[in-house]
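These are the residues of each chain, in order.
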Amino acid sequence: MRHNRTTSEGLRTVFRRKPVEEIAAETEEGLSRSLGLWQLTAIGVGGIIGAGIFALAGAVASETAGPAVLVSFLIAGLASAAAALSYAEFSGMIPKAGSAYTYSYSVLGELVGWFIGWDLMLEYTAIVAVVAIGISGYLGFLVGELGADLPAWMLGAPGTGTGHRVDLFAIILCLLIAYLLNRGIRTAGRFETFAVGLKVAVLLLAIVVGFFHIKTGNYSPFFPFGVGGAITGAATVFFAVYGYDAMSTAAEESRDARQHMPKAIIYSLAFSMVLYVLATLVLTGMQNYRDIAPKNGFSSAFAAVGLSGLASVIAIGAIIGILTVMFTVMLGATRVWFSMSRDGLLPGWFARLHPVRRVPSRITWIVGIASAGLAGFLPIRQAAELTNIGILLAFVVVCIAVIVLRYRRPDAPRTFRLPGMPVVPAVGALFSIWLITVLTPVTWLRFAVWFLLGLIIYALYGYRRSKLNSRPHHVRNDLG
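Summary of the structure given here.

A look at helix H14 (residues 297-304)
(1) Moving on: Of all eight residues in H14, six are buried; the element is thus mostly enclosed.
(2) Moving on: Along H14, the positions that sit buried rather than exposed are Gly 297, Phe 298, Ser 299, Ser 300, Ala 301 and Phe 302.
(3) Moving on: At the exit of H14 stands Gly 306, carrying a positive phi of roughly 85 degrees.

As structure tokens, this is what we get:
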């Protein structure tokens, strides 16, 4: 009988919840609050618009959907919007760093929060590495267009021997982003705003100029791979429309997170989707889908119509665009880690801030070095296999949590209430679950290994060191 009581007590304590009001009311000296609405929106746009439009759109158009890649982006955008609205409601209630980790901790319990945070730490770090490797490919294209050449060892290209050479350029990029983030969020935010503005200007230039080279015959047939091809394409491009989740980790660095963060999430996704639609219309109108280059669709399309100079400009825009994705995602990784350390689930040593710049410098350099190691020594396919599942799980958890909290605490103050409850968040959760089911077995295997490692660390350290563990049992069990 005593054993049963102990087991029951243990199960209750691993699902102890940190009250929403307590999280929102935390006033200890922390991260610097210097980001305004438009800087937050720029960070969101920076995380969304990147390889998805400059590379992924061409690959899906040529191999999966044809001109119906436009439909693929619309489907993915609608599904992503369902999750984005869930994030928006939470961000107005809980203006703290940590995003999905913090939201799930407050509603579904500590163990769920731990695993979401643990997953996102790996996912975000791996995404930074994948993006860095991708930029190396664009740099190689650009240098080739200019008639020069870079040594293979700088771009991670295989040489005459076997294996994968060190991608020095990708390593440097990861460390550069870590350096920028360590300069302070005000400086980093200004850089991101400038880079996003430059990226959007290049993309708008491509859309405007490309409009005059559209041949309407290229839109026929619109569904060369059938409607199923467009739906399959949506599963692929979905990963190009979820950068707002990493942006939401910066809530604690906003001057008015309750008001600004929900707007920034919605604005960044809406603005990005408009650009995605216009860009895919131009891309598939300029070239027949069979002729679109999978890796550098826009650059090759403009080169094909005799605008090689503009093709090089677009390649530069692609490099800058993907660089802003690195910034947003590394920001997300460091803030999730910071939040978990501050809550006692990981050593507090990591959560110490720079005394002047008020940023988690130790965590930022660790993430920068870890992503540099992945980018420098893993081929892009192997690095990419570490991504996706954790973010999709975070989407599922956030969508479920927003439903639970709406019915558990209907009168809790909210600066934004997502419409269509519970249908909208349910759609976001179901779409994310569907995408999880189509991931490769190796992705599940690596996730299982990381999951098991996280469970061991939580059992040996996080469970006992959690700040909630110091409270009386009756308080711990009734939180939330």
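Things to note about the packing of H14 against helix H15 (residues 308-342)
(1) Moving on: Packing of H14 against H15 brings their axes to within 7 Å, and their N-to-C directions diverge by 170 degrees. Compared by their axis directions, H14 and H15 come out roughly antiparallel. Contacts from Phe 298, Ser 299, Phe 302 and Ala 303 in H14 reach Ser 308, Leu 310, Ala 311, Ile 314 and Ala 315 in H15.
(2) Moving on: Of the residues in the contact of H14 with H15, the class split is seven nonpolar, two polar and no charged.

Side note on the pattern of salt bridges
(1) Moving on: Tallied over the full model, the rule gives five salt bridges.
(2) Moving on: The partner of Arg 16 in a salt bridge is Glu 110, with the nearest N and O atoms 2.8 Å apart. A residue pair is termed long-range when its members are at least 10 positions apart, and Arg 16 in the loop between helix H1 (2-14) and helix H2 (20-25) and Glu 110 in helix H7 (residues 110-145) qualify at 94 residues. Assigned by exposure class, Arg 16 and Glu 110 land together as buried.

Concerning the packing of helix H18 (residues 389-408) against helix H19 (residues 423-437)
(1) Moving on: Contact geometry for H18 and H19: axes closest at 8 Å, N-to-C directions at 155 degrees. By the angle between their directions, the pair H18 and H19 is classed as roughly antiparallel. Crossing of H18 over H19 shows left-handed handedness. Where H18 approaches H19, its residues Leu 392, Leu 393, Phe 395, Val 396, Cys 399, Val 402 and Ile 403 are matched on the opposing element by Pro 425, Ala 426, Gly 428, Ala 429, Ser 432, Ile 433, Leu 435 and Ile 436.
(2) Moving on: Tallied by class, residues from the contact of H18 with H19 come to 13 nonpolar, two polar and no charged.

Rules used in this analysis
- Residues numbered from 1 in each chain as written.
- Predicted model: local features only at pLDDT ≥ 70, side-chain atom pairs only at ≥ 80, totals over all residues.
- Heavy atoms only, no water.
- Buried < 20%, exposed > 50% of the residue type's maximum accessible area, 1.4 Å probe, protein only.
- Helix = DSSP H or I, 4+ residues; strand = E, 2+ residues; numbered from the N terminus.
- Axes fitted to C-alpha atoms, helices over the stretch in contact; angles between N-to-C directions.
- Parallel < 35°, antiparallel > 145°, perpendicular 65-115°, else oblique.
- Contact = heavy atoms within 4.5 Å.
- Nonpolar A, V, L, I, M, F, W, Y, C, P; charged D, E, K, R; others polar.
- Salt bridge = Lys/Arg side-chain N within 4 Å of Asp/Glu carboxyl O.
- Left-handed = near helix turned anticlockwise from the far one by under 90°.

In short, the description is geometric, and any link to function would need to be established separately.
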